[in-house]
Amino acid sequence: MIIANILNETEKLWKHNRTKGFLLLAILLPVISAFLLLHNNLGLGSNLPMLMLRLFTFSLLPLLLFMSASESFSGEVASNTLKLGLVRPITRAKVFASKVAAITIFLAILLGVLMITTIILGWLVPGGNFASGLLDIITAYVAAFIPIMAIGFVSVLIAQFFNKSSGALVTMILIYATAKLAPFIFPVISVWSIFSYTNWYVLWIGNGASFAKLANSFILMLSYCIMTYSAGVILFEKKQL
Amino acid sequence: METALEVKGITKRYKSGRGVRDIRFDIAKGDIFGLNGPNGAGKTTLLKIIIGLIRPDHGSVTIFGNNTTDQFEQAMKQVGCMIETADSYDYLSAYDNLKLSARFYPELPRTRIDEVLEQVGLAPYKKEKVNGFSLGMKQRLRLASALLSKPKLVILDEPTNGLDIEGIVNFRNTIQQLACEHGITFLISSHMINELSLIAGRIGIMQNGQLIRVGGVNELVKPGITLEQYIVSQLHTSKEGDHDDHRQYIK
Amino acid sequence: MKKKWMTAGAGLGIGAVLLLASGFSAMANTSGYDAYKTALKNTKAESSITMNVDLTITDNGKKLVTGAADLKVNKDQKAGSVAATIGDSTEKRSINVFRQDGKVIFKSSEEDVYKAKEINAPKWQHKGDHSNLPKAMQQVFGTLLGNIKDLATVENQANGGKHAELHLSGDQVPAVVNVVGTVVVSKIANHEKNEKTPGWMANMSKLTDNIKVEKIDIDAEISTKDILEAQTAKINITGTDESGKKHELTITIHVDYSNINKTVPEHIDLTGKKIEEIKNEGMKRGWRH
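Residues numbered from 1 in each chain as written. Chains lettered and ligands numbered in written order. Predicted model: local features only at pLDDT ≥ 70, side-chain atom pairs only at ≥ 80, totals over all residues. Heavy atoms only, no water.

You'll find chain C entered in an unreviewed UniProt entry as Secreted protein, with Neobacillus vireti LMG 21834 given as the organism.

Per an unreviewed UniProt entry, chain A goes by Membrane spanning protein and derives from Neobacillus vireti LMG 21834.

The next subject is the interface of chain A and chain C. Contact with chain A, which involves 45 residues of that partner, is made by 44 residues of chain C. Between chain A and chain C, roughly 3800 Å² of surface is buried when both sides are summed, and carbon and sulfur atoms account for 66% of that area. Contact with chain C buries area across many residues of chain A, yet F184, W192 and K213 of chain A alone supply 17% of it, more than any other trio. At the junction of chain A and chain C, the tally comes to 1 salt bridge. (Contact = heavy atoms within 4.5 Å. Buried area = accessible area lost by both parts, 1.4 Å probe. Salt bridge = Lys/Arg side-chain N within 4 Å of Asp/Glu carboxyl O.)

Right, let's get into the confidence of the model for chain C. Residues and elements named next belong to chain C. Across chain C, the average pLDDT comes to 80, with 85% of residues at 70 or higher. For chain C, the element scoring lowest by mean pLDDT is helix α3 (residues 123-126), at 46; strand β1 (residues 48-59) scores highest, at 91. Ignoring residues within four places in sequence, the model shows residues 123-131, a span with pLDDT below 50, making 3 contacts including any to other chains. Predicted confidence is poor over residues 282-289, with pLDDT under 50, and the contacts of this stretch with residues over four places away or in other chains come to 3 contacts. For this predicted complex, the interface confidence comes out at an ipTM of 0.86, alongside a pTM of 0.83. (pLDDT = per-residue confidence, 0-100. Helix = DSSP H or I, 4+ residues; strand = E, 2+ residues; numbered from the N terminus.)

With that out of the way, let us pick up the side chain of K83 of chain A. Relative to the helices and strands, K83 of chain A is located in helix α4 (residues 82-86). In this view, K83 of chain A contacts L241 of chain A together with K48, L53, T85 and A86 of chain B; residues no more than four positions away in its chain are not counted.

Residues and elements named next belong to chain A. According to UniProt, the feature "transmembrane region" (unreviewed entry) maps to residues 21-39, 51-69, 100-125, 137-162, 174-195 and 215-236 in the numbering used here. Helix makes up 100% of residues 21-39 and strand 0%, with an end-to-end C-alpha separation of 26 Å. Along residues 137-162 the backbone is 88% helical and 0% strand, and the end-to-end C-alpha distance reaches 38 Å. (UniProt positions renumbered as here; feature names shortened; annotations may be inferred.)

This paragraph deals with the interface of chain B and chain A. Every contact between the two is made by 28 residues of chain B and, on the other side, 27 residues of chain A. Where chain B abuts chain A, roughly 2800 Å² becomes buried across the two surfaces, and 54% of that area is made up of carbon and sulfur atoms. When the buried area of chain B at its contact with chain A is split by residue, L53, E73 and F104 of chain B rank highest and sum to 27% of it. Scanning the region where chain B abuts chain A turns up 5 salt bridges. In this structure, the salt-bridge partner of E237 of chain A is R55 of chain B, at a minimum N-O distance of 3.5 Å. For the side of chain B that touches chain A, the secondary structure elements donating two or more residues are α2 (72-77) and α3 (94-102) of chain B. A per-class count over the side of chain B that touches chain A returns 14 nonpolar, 5 polar and 9 charged. (Nonpolar A, V, L, I, M, F, W, Y, C, P; charged D, E, K, R; others polar.)

A separate point is the sheet that holds strand β3 (residues 79-87) of chain C. Within a beta sheet, neighbouring strands are joined by backbone hydrogen bonds and run either parallel or antiparallel to one another. Residue and element names in this part refer to chain C. The mixed open sheet is built from 12 strands, whose spatial order is β7-β8-β9-β10-β11-β1-β2-β3-β4-β5-β6-β12. The strands lining the two open edges of the sheet, one partner per strand, are β7 (153-156) and β12 (275-278). Between one strand axis and the next, the sheet turns through 15° on average, direction left out of account. Relative to strand β2 (residues 62-74), β1 is paired through 12 bridges, and the arrangement is antiparallel. Residue pairing for β2: D54 is matched across the bridge by A68. On the sheet, helix α2 (residues 32-45) packs against β1, β7, β8 (162-169), β9 (207-222), β10 (228-241) and β11 (246-258) and is oriented at approximately 120° with respect to β10. (Pairing = 2+ DSSP bridges. Axes fitted to C-alpha atoms, helices over the stretch in contact; angles between N-to-C directions.)

All names here are of chain A. Under the defined criterion, the tally for this structure stands at 12 aromatic pairs over all chains. On the basis of an interplanar angle of 45° and a centroid distance of 5.6 Å, the ring pair of F96 and F236 is categorised as tilted. With a gap of 140 residues between them, F96 in helix α5 (residues 92-124) and F236 in helix α9 (residues 211-238) connect regions that are remote in the sequence. The residues F96 and F236 share a single accessibility class, namely buried. Clustering of aromatic rings is evident, with ring pairs tying together F73, F96, F153, Y229 and F236. (Phe/Tyr/Trp six-rings, centres within 6.5 Å; stacked < 30°, edge-to-face > 60°. Buried < 20%, exposed > 50% of the residue type's maximum accessible area, 1.4 Å probe, protein only.)

And the structure:
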């Protein structure tokens, strides 16, 4: 049953033009950047994957998650379609799990498309010499997936409080912006806030950070995932439609 | 006779004071049960509790022997339903909407979607997106979605809303055929008693969140008065009774 | 039903415990960045200090530019002096700056004139905590660095001191730094030459393609008293020039800290020297709005 609903949720996400738009951005933005680099004679080809990863993890991927989560939960409440899945022979916990899974799958696909596009473009632009860096790039993209996924879980939790996707989306963006700015004033927040870990992947490339440090950050992100998921399930189970 | 649906002591109270109180009834397999009552009597709330959209404060719902709280999946495997306030995905075609639902029933043959679209008369429009559909067409699609899984119990909330005359007749024939030929059980709510009396075998009357009378259509209608008149008279006596009940409550 | 709530509740509990554990352990972990920050703060707080700065830029191992500066600061005496030289093997320029008797005096090797300027700091500088601004800057800088901070490490030395380092290479170099670095280098390469351009800048090879910041190494030696003893920053940039020849530019800045609390800045006797007073009216107006 859960597989059936993951397919359903993935199909629904895919049928939204917004999702396709994001995929297109993941291809177009690197292409445009590559042209800009070429035009300005900057041989930054080998930097393209990292440059784009920074840009996407900072802004576009969280935005994609915010939109998907608010549509998948709050939006479906508003359009009276959430009930359709809930009256089928599937428990609410499984409906919740499959919605989260569909969002996560899209994040993975988007990161994958971005990585492949930037690597190919990097080769085409002069200066793209990946002899040593390819493994680093793949590692970075895989590592980047984890904090962004945790942010997705947080946005799923936030979506439970709203019955309209616009309200949920605006709130998520405001929270994100606040969380990004807060460490400028209170640096200690950057240790605790999941939103400060979007460029976590830098700890994995090259000689990287120590194992203890990596494990520590990983557990912190994991704890965010567990907590927001549990709280999200409770709220979703309690929903009266 | 096997019991298709058993509702025991369902109570749900909203902060507004409305809700349903201590509802008990059961439906035998193959019956068509009509739920009638004025707007706001609690019909939709009751149906939503039965299919698990709302959690009751007290009471239990059993569908073909499966309790909906603990065995939700098994219980709902037998159920197809159409809830007034549930819409289809308007960015998908009629066919795709049903395709999503069909995934929950892996044993259904691939041809089932076309079959059910044919049954409700939507076959010519199956590739069209739902956001272009008229109210009646959307209603037909909801009915198709409820019948899709060949359920043993079909729960329909105000099914004829938005349907034209032809649609209503068509709907009635479909229901009666399914009940007679396949032994499918129906629970249909409607505020239009005349319409219900044409198809239902038994009728339950709700008012102010309570089920005030349950009986066969023939038992309820006494010679000389129409069912309409009977219902109105029942609502009146019940209102007085309800009043007493309230006074007792305050004491 | 109950089981469901308990599972979810347990998830919340375990998550919270994990969060607290990992958060506090992350905070307790003294990173190289924190060790360096503390040392820098302590060093700045000392009343007097001498800094010897060395700068070299090499191109494929050949020295292009060397520079040296001796900075002496004594806060109690409100005095300071800088003696700096910069140039290549053929040409050297030097500049001396003195801060004494409420004046700043400049002397360049090109001219025989001492330029003096009264120090009348704008009023806002007298008020409030001086360390406020740097602290805010530090926070901004730290936040911008983000997780890169965590790549900095610290090691305890045999003598009781510490060695803090941040070594970034390849893709670890933040993409933004790389872009900025590349733009700067290519701008230097393409800029219009005129007579005032020092010889060493003109000699710098023009990198046109494949410019990349390969490496940034920052090392700091920290004394037992948590004060900076020395620090080195080394930046490696590679690229090819118009003829397709590969170049590796290395910029090294090394600073030695010494004579803590014992530094006496140089004092210049201006009697009989050519002096030119500089008025700073323009500046004042600028601040007033």
